[in-house]
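The lines below spell out each chain.
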Amino acid sequence: MEKAEYVECYVAFLDMLGFKNLINDSSCDEIAGIFAKFSNSKPLKEEYLGDRNIISDNTADALKVKVMSDSICFYIDVNITNALLCIILSCIYFQYELYQNNIPIFLRGAIVRGHLYANKDIIFGPGLTQAYLLEENNTKYPRIILTNETLQSVKIRKEYNLDDHLSMLRRFVFRDDDAFYVVDCIRILFIGDQTIHEKVEKRIEHMLDTTVDSSIREKYLYLEKKLNLAMQRVKIQLEQRKE
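Conventions used here
- Residues numbered from 1 in each chain as written.
- Predicted model: local features only at pLDDT ≥ 70, side-chain atom pairs only at ≥ 80, totals over all residues.
- Heavy atoms only, no water.
- Helix = DSSP H or I, 4+ residues; strand = E, 2+ residues; numbered from the N terminus.
- Buried < 20%, exposed > 50% of the residue type's maximum accessible area, 1.4 Å probe, protein only.
- Contact = heavy atoms within 4.5 Å.
- Salt bridge = Lys/Arg side-chain N within 4 Å of Asp/Glu carboxyl O.
- Pairing = 2+ DSSP bridges.

J.: Would you mind showing me how to read the overall build of the protein chain here?
T.: A count of helices and strands for the protein chain gives ten helices and eight strands. Across the 243 residues of the protein chain, 46% fall into the buried class. Intrachain contacts of the protein chain at a sequence separation of at least 6 include 71% that bridge at least 24 residues.

Below you can see the structure in the form of structure tokens.
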């Protein structure tokens with residue numbers, strides 16, 4: 001029997017908010033359709049990335065997905081070219097897919113660099129535990145977080161410039177008020193279908209208009225704040241282009 005060994009990976013542990021209510025309010029077919037999106041998750045389209053094909057097919061194929069009820073794990077070997085960028089973009093793309101649900105679904109999660117063992121239906125390791133604990137203890141809001149240490153840990157080829165690569169990574173994250181870096185899943189709402197943007201906006205408004213639970217209200221207030229900030233940035237960019 002071949003000896004089992006850990007592989008160093010980037011690991012994203014994602015949790016779908018409101019999944020228990022979704023189970024109660026949706027048909028089996030609707031839930032199955034949501035889970036089907038997991039296997040279809042892939043890096044983003046070119047209009048989001050710019051004019052460069054950053055993620056190769058080999059890198060996209062190296063990203064693996066594991067579904068555990070309402071939790072999802074993305075993982076990829078750190079030695080794969082653009083591994084961290086791939087997992088960040090895949091989280092954004094997956095969240096964008098879930099925005100399009102009849103009732104938009106929001107993700108909360110964390111990305112870490114750690115050791116993992118994965119073989120068919122078996123997955124375990126300190127990397128998975130670390131990602132789970134970071135999500136459980138620190139994420140708090142509907143956001144996907146990672147530390148600056150994780151951002152700085154990228155391995156790149158000798159011909160690449162580290163500063164340029166980090167600059168590219170930071171196009172898709174932002175530093176939040178608590179100093180965690182957050183995967184920017186809001187920005188894509190201003191690039192994609194306008195009706196999806198409106199659907200997300202209406203869902204946030206509905207929850208704030210109807211929910212009295214302070215914990216839930218705090219989460220949707222966070223989303224409203226980030227959506228408004230993103231909208232302001234987009235307006236400024238459009239005005240600058242006109243000048």
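Let us keep going from here.
J.: Hey, could you run me through the pattern of salt bridges in this one?
T.: Where side chains of opposite charge bring their charged atoms close, a pairing between them can arise. With the rule as written, the count across this model stands at nine salt bridges. Residue Arg143 is joined to Asp176 by a salt bridge in which the shortest nitrogen-to-oxygen separation is 2.9 Å. With Arg143 in the loop between helix 6 (126–139) and strand 6 (144–146) and Asp176 in the loop between strand 7 (173–175) and strand 8 (181–183), this pair connects stretches of sequence that are 33 residues apart. Between Arg143 and Asp178 there is a salt bridge whose closest N-O contact spans 2.7 Å. Residue Arg143 is located in the loop between helix 6 and strand 6, and its partner Asp178 is located in the loop between strand 7 and strand 8; the two are separated by 35 residues in the primary sequence. By relative accessible area, which is 39% here, Asp178 ends up partly exposed.

J.: Would you mind going over the pairing of strand 3 (residues 71–77) with me for this structure?
T.: A regular strand places its side chains on the two faces of the sheet in alternate fashion. Burial within strand 3 is extensive, with six of its seven residues counted as buried. With seven bridges connecting them, strand 1 (residues 7–16) and strand 3 associate as antiparallel partners. For Cys9, the partnering residue across the bridge sits in strand 3 and is Asp77. As defined by bridge partners, strand 2 (residues 64–68) adjoins strand 3 across five bridges and the pair is classed as antiparallel. Each bridged residue has a counterpart across the sheet, and for Val67 the counterpart in strand 3 is Ile72. Between the antiparallel neighbours strand 2 and strand 3 lie two residues, among them Ser69 with a positive phi of about 55 degrees.

J.: Hey, could you run me through the environment of Phe172 in this one?
T.: Summarising the element assignment, Phe172 is placed in the loop between helix 8 (162–169) and strand 7. A relative accessible area of 0% means that Phe172 is categorised as buried. Spatially, the C-alpha atom of Phe172 lies 8.7 Å from that of Arg187, the residues being 15 residues apart in sequence.

J.: Would you mind showing me how to read the pairing of strand 4 (residues 107–119) here?
T.: Burial analysis of strand 4 places ten of its 13 residues in the buried class, the great majority of the element. Across ten bridges, the pairing between strand 1 and strand 4 is antiparallel. Directly across from Val11, in strand 4, lies its bridge partner Val112. Looking at chain direction, strand 4 and strand 6 are connected through two bridges and run parallel. For Ala110, the partnering residue across the bridge sits in strand 6 and is Ile145.

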